[in-house]
Every structure is written in C-alpha cells, then in structure tokens.
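# Structure at a glance
So you can see what is in the structure, the chains are spelled out below.
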Amino acid sequence: APVASSLCVRYTHRAVVITGGLLAFSGMVLGFLGLNMIWMYATTGFLQGLGISFSWTPAISIVSHYFSRKRALANAIASAGECAFAFTFGPFFQWLISQYGWKGALLIIGGIQLNICACGILMRPLSSSCFLESSCSETPSGSGASRIVKEDKSPTTHKTFNWMLLRQPEFVLYAIFGILAAMSFFVPPLFLVPLSYSLGIDESWTASLLSVLALVDFAGRLLCGWYANLHITKPVHLLTMTITLISTSLMLLPLANNYLSLAIFTGFYGFFFGATVAVHITVLADVVGMPDFDSALGLFMLIRSTGGFVGPPLAGLIVDMAGDYRAGFYMAGGTLVLSVGLLVTLDYFQQKKRRSQTNNKPEKSTLTYPSIHLLKLQ
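An unreviewed UniProt entry lists the protein under the name MOT2 protein, with Ceyx cyanopectus given as the organism. In its Subcellular location (unreviewed entry) section, UniProt records this for the protein: "Membrane". Under the heading Sequence similarities (unreviewed entry), UniProt records this for the protein: "Belongs to the ATG22 family."

### Quick notes on the side chain of Thr 282
Summarising the element assignment, Thr 282 is placed in helix H13 (residues 259-288). Here Thr 282 falls in the buried class, since its relative accessible area comes to 8%. Not counting the four nearest positions on each side in its chain, Thr 282 is found in contact with Arg 71, Ala 72, Asn 75 and Pro 235.

### Remarks on the state of the cysteines
Among covalent bonds in proteins, the disulfide is the one between the sulfur atoms of two cysteines. For the coordinates displayed, the defined rule picks out zero disulfides. We note that Cys 117 lacks a disulfide partner, and the nearest cysteine sulfur, in Cys 119, lies 9.0 Å from it. Taking the relative accessible area as the measure of exposure, Cys 117 reaches 11% and is therefore buried.

### Observations regarding the pattern of salt bridges
One side chain can pair with another of opposite charge once the charged atoms of both are near each other. One pass over the structure, following the stated rule, counts three salt bridges. Where Asp 347 meets Lys 234, a salt bridge forms, and the shortest distance between an N and an O atom there is 3.1 Å. With a gap of 113 residues between them, Asp 347 in helix H15 (residues 326-359) and Lys 234 in the loop between helix H11 (203-229) and helix H12 (235-252) connect regions that are remote in the sequence. When its relative accessible area of 11% is taken as the criterion, Asp 347 is described as buried. In this structure Lys 234 comes out as partly exposed when scored by relative accessible area, which is 28%.

### Looking at the environment of Ile 303
Along the chain, Ile 303 falls in helix H14 (residues 293-322). A residue is classified by how much of its surface remains accessible, and Ile 303, at 23% relative accessible area, is partly exposed. The sequence separation of Ile 303 and Pro 2 amounts to 301 residues, and the corresponding C-alpha distance is 9.9 Å. Ile 303 has contacts with Leu 166, Phe 171, Ala 175 and Ile 179, leaving out every residue within four places of it along the chain.

### Here we look at the packing of aromatic side chains
Any aromatic ring pair is given by two values, namely how distant the centres are and how the planes are angled relative to each other. For the coordinates displayed, the defined rule picks out 11 aromatic pairs. Centroid distance Phe 268 to Phe 272: 6.4 Å. Interplanar angle 15 degrees. Geometry classified as stacked. Here Phe 272 and Phe 268 lie together in helix H13, a separation of four residues that amounts to about one turn. Ring geometry for Tyr 269 versus Phe 273: centroids 5.9 Å apart, planes at 25 degrees, classification stacked. You can see Tyr 269 and its partner Phe 273 sitting in helix H13, four residues apart, about one turn around the helix. This pair shows no difference in class: Tyr 269 is buried, exactly as Phe 273 is. Taken together, Phe 92, Phe 93, Trp 95 and Tyr 100 form an aromatic cluster joined through their ring pairs.

Calculation notes
- Residues numbered from 1 in each chain as written.
- Predicted model: local features only at pLDDT ≥ 70, side-chain atom pairs only at ≥ 80, totals over all residues.
- Heavy atoms only, no water.
- UniProt positions renumbered as here; feature names shortened; annotations may be inferred.
- Helix = DSSP H or I, 4+ residues; strand = E, 2+ residues; numbered from the N terminus.
- Buried < 20%, exposed > 50% of the residue type's maximum accessible area, 1.4 Å probe, protein only.
- Contact = heavy atoms within 4.5 Å.
- Disulfide = S-S within 2.5 Å.
- Salt bridge = Lys/Arg side-chain N within 4 Å of Asp/Glu carboxyl O.
- Phe/Tyr/Trp six-rings, centres within 6.5 Å; stacked < 30°, edge-to-face > 60°.

So this is what it looks like as structure tokens:
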C-alpha cells in the first residue's frame with residue numbers, strides 16, 4: 001500500500017490502477033501453470049496481491065480527491081462493490097471450479113481481473129483548475145465554499161511521499177485504532193459458520209448467514225454514507241458510535257442459540273460494519289488533510305494490515321484454549337472496545353488542536369491614535 005501511494009503521488013492514480021490490473025491478471029494466468037507450491041506463492045500470492053493493492057489503494061484515494069462535501073457518500077457507494085462481490089461471486093467461483101477445474105477457474109478469474117485496467121482508464125487525473133471547479137460546484141457559496149476549496153486545492157501540488165505523518169499523534173492514534181479494528185473484523189466471517197454448526201443448525205441454512213451478512217453490509221454502507229453527507233454528526237463521532245455498536249453486537253452474538261437469533265445478531269453486526277467502512281476513510285481525510293491523504297492512506301493500510309495478520313490466528317488460539325467458538329467473538333468485541341478509547345482520545349486531540357489554532361489567531365489592532373500605538377510598541 002505505501003508503494004502504491006508513493007507511485008500515485010509521483011505519477012497518476014490512473015497509471016497505478018492499470019499497472020495493478022496487469023499485475024493481478026499476470027499472477028492468475030501464471031498461476032494457471034501450477035508448477036509447484038513456491039510458484040503458486042509467487043504468482044497467485046505475491047504477484048496478484050501486489051496487483052490488488054496497486055488497484056485498491058488508488059481507487060479509494062481518487063474518490064476522496066474527486067469529492068469534498070459528499071466524500072462519505074461517494075466512498076460508501078464506491079465500496080459497495082465489495083458486498084456485491086461477496087454475495088454473487090462466491091457461488092460463481094465455486095461453479096467455475098466445478099465446471100473447469102481450479103486451473104481453468106484461475107484463468108477465467110484472471111480475465112475478469114483484467115477489467116481493472118478498463119476501470120483505471122476512466123480515472124481521469126484532476127488538474128488544479130479542474131479540481132477547483134469540481135470543488136466549487138459541490139459547495140454552496142460563502143465562506144464555507146472558499147474554505148473547502150482552499151483545503152482541497154493542494155493535493156495536486158504535493159509530489160513527495162510524506163513519511164513524517166508517523167510523527168503526528170493524531171495519525172498514530174488512528175493507525176493504532178486501525179490495527180485493533182482489523183484484528184476484530186476478520187473474526188466473525190471466519191467463525192460464524194463453525195459456530196452455527198456447533199449449534200446444530202442445518203448446513204443449507206448456515207450458508208445463508210454469509211448472504212445475510214453481505215446484504216445488510218451493503219445497506220449499512222449506503223445509509224451511513226447518506227447520513228454522513230447530511231453533516232449532522234462529525235465523522236469521528238459517527239465512527240465511534242458504529243464501532244461501539246459493532247462491539248455490542250459481537251458481545252451479544254454468542255448468546256444466540258438458534259438460526260433466527262444468530263441471523264439477527266449477524267445482521268446487526270453486518271449493518272454497523274458496513275457503516276464503519278463507509279465513514280472510516282472520511283475520518284482519515286479529516287485527520288491528515290487532503291494534501292497528505294495519499295501518503296496517509298498507504299501508511300494506514302500498511303499499519304492496519306498487521307492487525308488483519310495477527311487477529312485470526314490469535315482468535316483461533318483463544319478458541320482452541322476455550323474449546324468454544326464463542327470465545328473468538330468475545331475477543332473481537334473486547335478488542336473493539338479498546339479501539340473506541342483511541343477514537344475518543346483522537347477526538348480530544350483534534351478539539352484541543354482547533355482551540356489552540358483559534359486562540360493563536362492574530363488580533364487586529366483597535367488603537368485609534370498613533371501616539372498610543374507607539375507607546376504600546378515601546
């Protein structure tokens with residue numbers, strides 16, 4: 001992710017996305033040869049993973065550059081494709097494997113991923129003048145509009161990757177929040193099906209739980225993006241509320257003892273998870289500002305990925321020690337409770353920073369007579 005962000009800063013989002021599509025396609029096509037396990041790690045693992053990162057990071061970044069006032073809604077709509085993928089492509093991939101074998105499926109999936117290049121071609125780079133026009137068209141006249149234009153004008157002028165973000169307390173707090181959140185978010189999809197089996201739920205009903213999760217996730221993203229666009233609640237406050245509700249849902253989910261109750265708690269988790277996905281990129285933009293957003297997104301994804309790497313094995317270890325799949329959900333909920341504390345601290349730092357900036361504004365002199373002004377200088 002940092003490499004992708006660095007290339008976006010140096011070149012264009014369009015070029016990086018097209019490169020990512022070619023890398024992902026190459027990884028799947030070369031994996032079709034299936035020479036040995038090391039070959040598969042290098043192709044479908046490393047090469048395709050690099051291509052996906054090169055595609056995903058610039059795609060999320062350029063949406064935030066295109067939109068200012070409606071940024072949360074735009075990110076929600078853009079990320080909704082993940083839900084459509086989870087709902088439709090899982091069964092489709094299984095059908096491909098049954099019809100053409102795993103090698104044929106890899107080749108077809110690689111062809112599908114090649115369409116990333118077509119999406120990248122549509123990502124038109126924004127010049128300074130074009131960016132100003134798009135920002136002005138989105139915002140009402142008055143001081144608010146001029147403020148947003150001033151904030152969003154600068155991303156096109158930064159041509160270096162800003163590693164100094166690691167010295168900003170607000171960014172560090174948000175990155176640690178990302179680690180804790182990622183540790184939790186991978187656990188429910190991993191243990192939801194085994195938990196339902198342990199409750200004696202029929203296999204045909206169990207499969208539908210993931211479909212329920214995808215559908216309510218989709219609804220949560222769109223509704224939260226729409227609500228955030230109303231600017232009633234600060235994005236960081238909205239994120240704090242959704243994380244709190246997710247942790248509550250995960251703590252209550254193990255209480256389910258049949259399919260209906262499990263589906264209800266799964267629905268609550270999926271809805272608030274979708275709401276979190278819709279708003280967390282907007283919070284990152286507010287924390288660092290748009291001039292450093294590309295650099296911040298790359299660093300945030302790199303740091304957050306450690307949580308996704310550690311979370312599932314840790315949850316699996318806890319489940320093995322407890323002998324109960326419910327323990328994994330308790331672990332995920334407890335980790336999110338800790339992350340809420342970081343968001344509250346982040347909001348405190350932001351408010352303190354705003355107050356200090358307000359107090360440090362130079363006051364205009366109200367002295368009328370030059371002699372009095374001279375006396376003040378002396």
